[in-house]
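# A closer look at the structure
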Amino acid sequence: METKNKKESKKLSKKSSEIEENTDEMVSKSSSEQNAKGHVEQLKRLQLKDPEFYQFLQEHDKELLEFDDEDIDDDDETEMHGDEIEDDEADEFDAEQLDHADGKEVKSSTNVITSAMVDSWCSSIHENRNSGAIRSLMRAFRTACHYGDDTGEDAKSKWSTMSSAVFNKIMLFVLKEMDGILRGLLKLPTSGGKKEMIKDMSNTKRWKSNNHLVKSYLGNALHVLNQMTDTEMISFTLRRLRFSSVFLAAFPALLRKYIKVLLHFWGTGGGALPVVSFLFLRDLCIQLGSDCTDECFRGMYKAYLLNCQFMNASKLQHIQFLGNCFVELIRVDLPNAYQHAFVFIRQLAMILRDAHSSSKTKKSSQKAKHSSKEAHNTKGKESFLKVYQWKYIHCLELWTAAICAYSSEPEFRPLAYPLTQIISGAARLVPTARYFPLRLRCIKMLNRIAASTNSFVPVSPLLLDMLEIKELHRPPTGGVGKAIDFRTVLRVSKLTLKTRAFQEACVFSVIEELAEHLAQWSYSIAFFELSSVPVVRLRNFCKSTNVDRFRREIKQIIREIEANSEYTNKKRMTVSFLPNDPATASFLEDDKNAGASPLSKYVASLRQRAQQRNDSLKESSLLIGQDSSAFGSKIPESDEDDDVEDSKGDAVFSSSWLPAGTPKDKEPTEEKQKKKKRRKELQDETASDEDIVEDFTLSSDEEGSLSDAPADEEVSIKQKPPKAPSKKKGKTHRRKNKKRKQSNQVVSAV
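Thresholds applied
Residues numbered from 1 in each chain as written. Predicted model: local features only at pLDDT ≥ 70, side-chain atom pairs only at ≥ 80, totals over all residues. Heavy atoms only, no water. Helix = DSSP H or I, 4+ residues; strand = E, 2+ residues; numbered from the N terminus. Buried < 20%, exposed > 50% of the residue type's maximum accessible area, 1.4 Å probe, protein only. Areas by Shrake-Rupley, 256 points an atom, 1.4 Å probe, with all protein chains shown as cover. Patch = residues over 30% accessible without salt bridge, like charges linked within 9 Å, V, L, I, M, F, W, Y side chains within 5 Å. Salt bridge = Lys/Arg side-chain N within 4 Å of Asp/Glu carboxyl O. Lys, Arg positive; Asp, Glu negative; His and termini not counted. Charge placed at Lys NZ, Arg CZ, Asp CG, Glu CD. pLDDT = per-residue confidence, 0-100. Contact = heavy atoms within 4.5 Å. Expected span 1.5 Å × (residues − 1). Phe/Tyr/Trp six-rings, centres within 6.5 Å; stacked < 30°, edge-to-face > 60°. Lys NZ or Arg CZ within 6 Å of the ring centre and 35° of its normal. Axes fitted to C-alpha atoms, helices over the stretch in contact; angles between N-to-C directions. Left-handed = near helix turned anticlockwise from the far one by under 90°. Nonpolar A, V, L, I, M, F, W, Y, C, P; charged D, E, K, R; others polar. Parallel < 35°, antiparallel > 145°, perpendicular 65-115°, else oblique. Disulfide = S-S within 2.5 Å.

From N to C terminus, the protein chain includes 31 helices and two strands. The burial tally for the protein chain puts 42% of its 750 residues in the buried class. Summed over all atoms, the accessible surface of the protein chain reaches about 42800 Å², with 51% contributed by carbon and sulfur.

Before going further, it helps to examine the environment of F173. Tracing the chain through its elements places F173 in helix 7 (residues 164-186). Sequence separation between F173 and L137 is 36 residues; the distance between their C-alpha atoms is 9.5 Å.

Right, let's talk about a positive patch on the surface for a bit. A surface patch of positive charge is lined by K470, R474, K494 and K498. Summarising the element assignment, K494 is placed in helix 21 (residues 494-497). By relative accessible area, which is 56% here, K494 ends up exposed.

On to the confidence of the model for the protein chain, then. Within the protein chain, residue pLDDT values average 74, and 65% of them lie at 70 or more. Low confidence marks residues 369-376, where pLDDT is under 50. Its contacts with residues over four positions away, or in another chain, come to four contacts.

An α-helix turns once per 3.6 residues; consequently, residues spaced three or four apart project the same way. For helix 14 (residues 316-330), which comprises 15 residues, the first-to-last C-alpha distance of 22 Å matches the rise-based estimate of 21 Å (1.5 Å per residue) to within 8%. If you check which residues of helix 14 are buried, you get L316, H318, I319, F321, L322, G323, C325, F326, V327, L329 and I330.

Take the packing of aromatic side chains next. Inspection of the entire model under this criterion finds 13 aromatic pairs. Relative to F342, the ring of Y338 lies with its centre 6.3 Å away and its plane at 40 degrees, an arrangement referred to as tilted. A residue pair is termed a helical-turn pair when its members lie 3 or 4 positions apart in one helix, as Y338 and F342 do in helix 15 (residues 334-368) at four residues. Against the face of F550 rests R549, its NZ or CZ located 5.0 Å from the ring centre.

Let's shift gears to the side chain of S244. Relative to the elements of secondary structure, S244 occurs in the loop between helix 10 (231-242) and helix 11 (252-268). For S244, a relative accessible area of 0% puts it in the buried group.

How two helices sit against one another is set out by the angle between their axes and by the gap between those axes. Taken N-terminus to C-terminus, the directions of helix 12 (residues 273-288) and helix 13 (residues 290-307) make an angle of 145 degrees; their axes are 6 Å apart at the nearest point. Every pair of crossing elements has a handedness; the one defined by helix 12 and helix 13 is left-handed. Contacts between helix 12 and helix 13 pair F278, L281, L284, C285 and L288 from the former with S290, D291, C292, T293, C296 and M300 from the latter. When its residues are assigned to classes, the contact of helix 12 with helix 13 shows eight nonpolar, two polar and one charged.

Below, the discussion takes up the pattern of salt bridges. Enumeration according to the criterion identifies 18 salt bridges in this entry. Between E504 and R500 there is a salt bridge, with the nearest N and O atoms lying 3.1 Å from each other. Separated by four residues within a single helix, E504 and R500 lie in helix 22 (residues 500-520), roughly one turn from each other. Classification of R500 as partly exposed rests on a relative accessible area of 37%.

Here we take up helix 11. When the terminal C-alpha atoms of helix 11 are compared, their 25 Å separation across 17 residues agrees well with the 24 Å that a helix rising 1.5 Å per residue should span. Listing the buried residues of helix 11 in full gives L254, L255, Y258, I259, V261, L262, L263, F265, W266 and G267. In this fold, the buried residues of helix 11 make contact with helix 9 (205-227), helix 10, helix 12, helix 13 and helix 14.

Our focus in this paragraph is the packing of helix 18 (residues 416-428) against helix 19 (residues 436-453). Remark: helix 18 packs on helix 19, axes separated minimally by 9 Å, with the N-to-C direction vectors making an angle of 160 degrees. By the angle between their directions, the pair helix 18 and helix 19 is classed as roughly antiparallel. Seen from above, helix 18 lies across helix 19 with left-handed handedness. Counted together, A416, L419, T420, I423, S424, A426, A427 and R428 of helix 18 and L438, R439, C442, M445, L446, I449 and T453 of helix 19 form the full contact between these two elements. In terms of residue class, the contact of helix 18 with helix 19 is built from ten nonpolar, three polar and two charged.

Okay, unusual backbone geometry next. Although it is not a glycine, R129 sits at a positive phi angle of roughly 50 degrees. Position of R129 among the secondary structure elements: in the loop between helix 5 (115-128) and helix 6 (131-145). Despite not being glycine, N454 shows a phi value in the positive range, around 55 degrees. Note on placement: N454 falls in the loop between helix 19 and helix 20 (460-466). Owing to a relative accessible area of 55%, N454 belongs among the exposed residues under this scheme.

If you trace the backbone, T568 turns up in helix 24 (residues 548-572). Beyond its immediate sequence surroundings of up to four residues, T568 is in contact with S522, S524, F527, F587 and L588.

The next point concerns the state of the cysteines. Chemically, a disulfide is nothing more than a covalent bond linking the sulfur atoms of two cysteines. Taken as a whole and judged by the stated rule, the model has zero disulfides. Here C395 is not disulfide-linked; the sulfur of C308 is the nearest cysteine sulfur, at 6.9 Å. Here C395 falls in the buried class, since its relative accessible area comes to 4%.

Dropping the structure here:
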């Protein structure tokens, strides 16, 4: 019986709740149908009948009593990014109501936003922060950001069309003013803030009544960012949104979308866009803490790897910029960054371990002549290529830069030793002359780690082994060859090994890096013992080589090392402490700060020579300068300088661009024709240069494929036998030679 009574009572309660909901809906419909005057009269009658309840409303809901004709709106929803956000407290401002500023009617079509409407909202917001005008402007902002998304017009949407001038006006006002408006409504500081501030406010009435405006602003701005294609327009929008980054702490889903978009712009953008995106990401990590740093660390590392798959001279500057940004982000949270660094460095160690183990199994299989020799070879080749590729080497350079930047911090210093072991193992993995550029990169990394951590790293054996290769002791049968930029290649072709340019680059690079290594310890009390073995091996090379220019360079560095040994020995004779005494750390400390040792002065001259050589390579390269990004050149000195940003925003949004108008910026036909003509002229110039220099240099086709193509593709390339030339081709070739001779005769005559 009791259970039956309970069931009946539940049914009755459900029916009563349904009746109450229906009555509420009827009441709301009837109230929406009443005019504004009737509502005001009801409030007056309420004050006479129930003064206590009226006083309660004055204390807790003053906006309800200050009802005005302006506060009626047909639509009580604020749409954001395709989703509906409920607003139960206040109706929205209608476009056909009175003008807030002048009291005049602004009549317009129900589906068109006019410039007069936008001006009236802006003026009322500036004068008295009218809530109805703010809501109407946000609805117009939503319409502007989603303009052209749907093919058919939405019957429920009042506003669906606008001109480009109205769009620019809405976007400029909202992006410039909305952060200050939202902070004023929520009574927050004018700038900055932390996630704790937003979490503390999440339960307050102010947040519950205005959070839909915050979400609408951030969500619709994100939507229009995905539609934009102009980098200056995106940069300006991100600069303004960056001031409101703290609000993303309340919306985790929006935060993830913003991080994804910012990472894309940071990794692939041009001009000032990567800098602006990085500053936005850094602000998010500072303000939101661990909610954001983990995702940013992983995302930036992944974006860095995607940019490092291939390498040429034009990408060098961009990759260096990305690495500097990642190192700067580590500063925000060093303990958390250490956890990520440990995991990523461990991955590099495991890849290197697999490559070493496979190379050992390959050697053992070759000795035993095992039947599965081909399987071992393919496995060893795959693991070896995982190490000897740009992605792996750039990862080593990235963590080298991070450890050098934070070597004094206790969180990052322990990572120096495992990274040094990995770099040394990678340099020794394939000790052939073709991979000397890669070995030199590894040696430079080791020298940087040793200098920043003030610890000894045995670099000299790696360098001196390079002088003993047979290619340096043979005459260059490949001719002069073209200059090699070791910064943009990991290995060279077999033909390049026989050129004079390769031999010179190897010897000069070895001398420069060995001098750098020894100069770090040129003030050590044990310099004489440390430099004795390198001096012996350098003298052996000097005796074995037949090239006079190499012999001169080697004799010069030997003289500098011996002079430095005499310099330290004289100072050592005057001290009385033992070698294991802690006082040895302060030996020649004043001279070290002044850079007075012979090796330090010699290294300074070598750096100048290397800089001149790199500059000459840049000038001779056709790639440098075409696609390199001028980072920071378009950014104002102060991001908070509103005057600069306002003038920039006016210039950026003065175009006739609208969202979803064109997926890509279509260039005029004249510009396309000019670009085609310019490209054709460039090709003709390079072709003529190749004809002139044909007798002096080797063919660069094979070297270009080796330097630019990935290692996986490089191994699979097989040369096809040349086909016999046909008679027609022979005739055309003779005609070309005849024309070329005639043109040369004309030029000589002139």
